[in-house]
Amino acid sequence: MNQQEEIIKIFSESGALLTGHFILRSGLHSPKFFQCAQVCQYMDKITRLVEMLAPKLRGLGAETVLAPAMGGLVVGQEIARQLGLRFIFAEKENGKLVLRRNFSMKAGEKILIAEDVVTRGGRVVECADIVKSFGATTVACACLVDRSAGNAVLPMPLVALLSMAFPTYPADALPPELAAIPAIHPGS
């Protein structure tokens, strides 16, 4: 089994790769959804996924891993553990990601943003704005799944374990087979 097959097997066996009609955080609709929270229940699976991702991250020079809550927490913490880096997280306050709990960054500090799944990268950009506000530098964004298959427009390099594009549709342009299935918000 090659690495991509192993990755997909891990997601499928944990119930993280879903099929149906999903409304994504972006508001787009899709017949596939990566519910990474399902795989994050199993630390052996997260450990293995990050073991496969970590070699791509080692040469970036990161000093700290920053993850947006909730989706990036387990992934970011495991990346930091395996790379021997400090880990901090951003969380929502009044609808916006912020650093709380006395977390901070030093000017010039090299930050690796960690996320579970990137589709458009909205939370990644919010994290990059936080990094910039401290005068620190974002070296890259690491994620388990790049749902954009390399098309997300981010202000830093994106390093993904798995890159796939599933079709997405605006609510007013659904194909008939997707429109026939009730839509759910699977959470993220």
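Parameters at a glance
- Residue numbers run consecutively from 1 along every chain, following the written order of its sequence.
- In keeping with the predicted nature of the model, local features appear solely for residues at pLDDT of at least 70, side-chain atom pairs appear and are counted solely at 80 or more, and the whole-chain, interface and lining totals rest on all residues.
- Just so you know, side-chain values use all the structure's heavy atoms and leave hydrogens and water out.
- Helical segments are the DSSP runs of H or I of at least four residues, strand segments are the runs of E of at least two, and each set is numbered from the N terminus.
- It is over C-alpha atoms that the radius of gyration is taken, and the globule rule equals 2.2 Å times the number of residues to the power 0.38.
- Each residue's exposure class comes from its accessible area (1.4 Å probe, protein chains only) as a fraction of the maximum for that residue type: buried when under 20%, exposed when over 50%, partly exposed otherwise.
- The contact definition used throughout considers only heavy atoms, calling two residues in contact when any of these lie within 4.5 Å.
- Areas reported here follow the Shrake-Rupley algorithm with a probe of radius 1.4 Å; residue values treat only the protein chains shown as occluding.
- Only four residue types enter the charge count, namely Lys and Arg as positive and Asp and Glu as negative; His and the chain termini do not.
- Throughout, a charge is located at the NZ atom of Lys, the CZ atom of Arg, the CG atom of Asp or the CD atom of Glu.
- When the centres of two rings from Phe, Tyr and Trp lie within 6.5 Å, Trp using its six-membered ring, the rings pair. Their planes under 30 degrees apart give stacked, over 60 give edge-to-face, and anything left gives tilted.
- We treat two strands as partners when DSSP finds at least two bridges between them.
- Here an axis means a line fitted to C-alpha atoms, over the contact stretch when the element is a helix, while the angle between two N-to-C directions is reported on a 0 to 180 degree scale.
- Here a helix's expected span is defined as the number of its residues, less one, multiplied by 1.5 Å.
- Any Lys or Arg side-chain nitrogen located within 4 Å of an Asp or Glu carboxyl oxygen qualifies as a salt bridge.

*Asks:* Describe the overall build of the protein chain, with residues and values.
*Replies:* A tally of helices and strands in the protein chain yields 6 helices and 8 strands. The C-alpha atoms of the protein chain give 16 Å as radius of gyration, which agrees with the globular expectation for 188 residues (16 Å, within 12%). Here the protein chain, with 188 residues, has 48% of them falling under the buried criterion. A fraction of 65% describes how many contacts in the protein chain between residues 6 or more apart in sequence connect residues 24 or more apart. Accessible area for the protein chain stands at about 9000 Å²; split by element, carbon and sulfur atoms hold 52% of it. Charge centroids of the protein chain, computed over 19 positive and 17 negative side chains, lie 4 Å from each other.

*Asks:* Give me the packing of aromatic side chains: which residues, what numbers.
*Replies:* On inspection of all chains with the given rule, the structure shows 3 aromatic pairs. Ring plane angle 35° and centroid distance 5.7 Å describe the contact between Phe22 and Phe33, whose orientation is recorded as tilted. A residue pair is termed long-range when its members are at least 10 positions apart, and Phe22 in strand 1 (residues 17-23) and Phe33 in strand 2 (residues 29-34) qualify at 11 residues. Each member of the pair, Phe22 together with Phe33, is buried. For the pair Phe87 and Phe89, a centre-to-centre distance of 6.3 Å together with 35° between the ring planes defines the contact as tilted. You'll find Phe87 and Phe89 in the same group, each marked buried. Among the aromatic residues, those joined into a cluster by ring pairs are Phe87, Phe89 and Phe103.

*Asks:* Break down the sheet that holds strand 8 (residues 158-163) for me, with residues and values.
*Replies:* Taken in spatial order, the 6 strands make up an open sheet running 5-4-3-6-7-8, and their pairing is mixed. Looking at the sheet topology across the chains shown, the edges are occupied by strand 5 (96-99) and strand 8. Ignoring which end each strand starts from, the neighbouring axes of this sheet average 25° apart. Relative to strand 7 (residues 137-146), strand 6 (residues 110-118) runs parallel, the two being bridged by 8 bridges. Bridge pairing in strand 7 places Ala114 opposite Ala142. Taken strand by strand, helix 4 (residues 72-83) contacts strand 3 (64-68), strand 4 (86-93), strand 6 and strand 7, and its axis lies near 135° from that of strand 6.

*Asks:* Describe helix 4, with residues and values.
*Replies:* For helix 4, with 12 residues, the first-to-last C-alpha span of 16 Å sits near the 16 Å given by 1.5 Å per residue. Buried residues of helix 4: Gly72, Leu73, Val75, Gly76, Glu78, Ile79, Ala80 and Gln82, and no others. Packed against the buried residues of helix 4 are helix 3 (43-53), strand 3, strand 4, strand 6, helix 5 (122-133) and strand 7. The first or second residue beyond helix 4 is Gly84, which carries a positive phi of 70°.

*Asks:* I'd like a description of the environment of Gly76, backed by residues and values.
*Replies:* One can find Gly76 in helix 4. Between the alpha carbons of Gly76 and Gln38 there is a distance of 16 Å; along the sequence they are 38 residues apart. If we ignore the near neighbours within four places in the chain, the residues touching Gly76 are Val65, Ala67, Phe87 and Ala114.

*Asks:* Could you give me a rundown of the pattern of salt bridges, with the residues and numbers involved?
*Replies:* Taken as a whole and assessed by the stated rule, the structure comprises 10 salt bridges. One salt bridge connects Arg86 with Glu109, and the closest N-O pair in it is separated by 3.0 Å. Here the residue Arg86 occupies a position in strand 4, and Glu109 occupies one in the loop between strand 5 and strand 6, the gap between them amounting to 23 residues. Using a relative accessible area of 4% as the deciding quantity, one classes Glu109 as buried. The salt bridge partner of Glu115 is Arg123, with a shortest N-O separation of 2.9 Å. Neither residue differs from the other here; Glu115 and Arg123 are each classed as buried. Shared partners join several salt bridges into a network, and the residues in it are Glu91, Glu93, Arg100 and Arg101.

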